[in-house]
Amino acid sequence: MFFKPTPIALGGLLWKMPWRLSQTRKMRARLRLKAVDSVISTLESSGVTTLSLTKALKLPLESEMSPKDKYTVFSRTERGYRKGLHKVPKWTRITQRENPVGF
């Protein structure tokens, strides 16, 4: 009696990841960036000063970012030195607005 082959048993990935972001995922990423921008501007207008706020004020706004910077991040191991933002672990919770100059 043989076991029925499953994707895990065959060595395949169980969770497939698309190689590019869909339109809805891009939209959600833009909405997250805009939400963070609004929180930063609200804190700035309230008069609160903290070290993390001064660092956040140096970051570019969503409207100032190019699409390349919105949806991809620098990766020294990838061909072309860029990889999709959705391939970064916890990409919805961390800031990926700055990339090295020239990449």
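Look up a bit, the structure's there.
What counts as what
Residues numbered from 1 in each chain as written. Predicted model: local features only at pLDDT ≥ 70, side-chain atom pairs only at ≥ 80, totals over all residues. Heavy atoms only, no water. Helix = DSSP H or I, 4+ residues; strand = E, 2+ residues; numbered from the N terminus. Buried < 20%, exposed > 50% of the residue type's maximum accessible area, 1.4 Å probe, protein only. Contact = heavy atoms within 4.5 Å. Areas by Shrake-Rupley, 256 points an atom, 1.4 Å probe, with all protein chains shown as cover. Polar contact = N/O pair within 3.5 Å; in protein donor to acceptor, adjacent residues only side chain to side chain. Salt bridge = Lys/Arg side-chain N within 4 Å of Asp/Glu carboxyl O. Axes fitted to C-alpha atoms, helices over the stretch in contact; angles between N-to-C directions. Parallel < 35°, antiparallel > 145°, perpendicular 65-115°, else oblique. Left-handed = near helix turned anticlockwise from the far one by under 90°. Nonpolar A, V, L, I, M, F, W, Y, C, P; charged D, E, K, R; others polar.

Re the overall build of the protein chain
So, step 1. What the protein chain contains, in helices and strands, is 3 helices and 2 strands.
So, step 2. The order of helices and strands in the protein chain, counted from the N terminus, is α-α-α-β-β.
So, step 3. Here the protein chain holds 103 residues, and 19% of them are scored as buried.
So, step 4. For the protein chain, the share of sequence-separated contacts (at least 6 apart) that also reach a separation of at least 24 residues comes to 53%.
So, step 5. Put simply, the protein chain shows about 8,600 Å² of open surface, and 61% of that area lies on carbon and sulfur atoms.

Regarding the side chain of Asp 37
So, step 1. Relative to the assigned elements, Asp 37 resides in helix H1 (residues 23-46).
So, step 2. At 2.9 Å, the side chain of Asp 37 and the backbone nitrogen of Glu 62 are in polar contact.
So, step 3. In this structure, Asp 37 is in contact with Leu 61, Glu 62 and Arg 97, ignoring residues within four places of it in sequence.

Details of the pattern of salt bridges
So, step 1. The full count for this structure, using the stated rule, is 3 salt bridges.
So, step 2. Asp 37 serves as the salt-bridge partner of Arg 97, at 2.7 Å between the closest nitrogen and oxygen. Note that Arg 97 is positioned in the segment after strand E2 (82-84) and Asp 37 in helix H1, a separation of 60 residues in sequence.
So, step 3. Overall, the relative accessible area of 14% leaves Asp 37 in the buried class.
So, step 4. Ionic pairing is found between Arg 82 and Asp 69, a salt bridge with its closest N-O pair at 3.0 Å. One end of the pair, Arg 82, is in strand E2; the other, Asp 69, is in helix H3 (residues 67-71), with 13 residues separating them in the sequence.
So, step 5. The class for Arg 82 is buried, based on a relative accessible area of 14%.
So, step 6. Of the residues examined, Asp 69 reaches a relative accessible area of 22% and is grouped as partly exposed.

Some points on the packing of H1 against helix H2 (residues 51-58)
So, step 1. It is the contact of H1 with H2, at a shortest axis distance of 10 Å, that shows an interaxial angle of 125°. The orientation of H1 relative to H2 falls into the category oblique. For the element pair H1 and H2, the recorded crossing hand is left-handed. The residues of H2 that touch H1, namely those facing Ile 40, Leu 43 and Glu 44, are Leu 53, Ala 56 and Leu 57.
So, step 2. Of the residues belonging to the contact of H1 with H2, the class tally is 5 nonpolar, no polar and 1 charged.

Observations regarding the side chain of Arg 82
So, step 1. A polar side-chain atom of Arg 82 sits 3.0 Å from a polar atom in the side chain of Thr 72.
So, step 2. Apart from the residues within four sequence positions on either side, Arg 82 is in contact with Lys 68, Asp 69, Thr 72, Val 73, Phe 74, Ser 75, Asn 99 and Phe 103.

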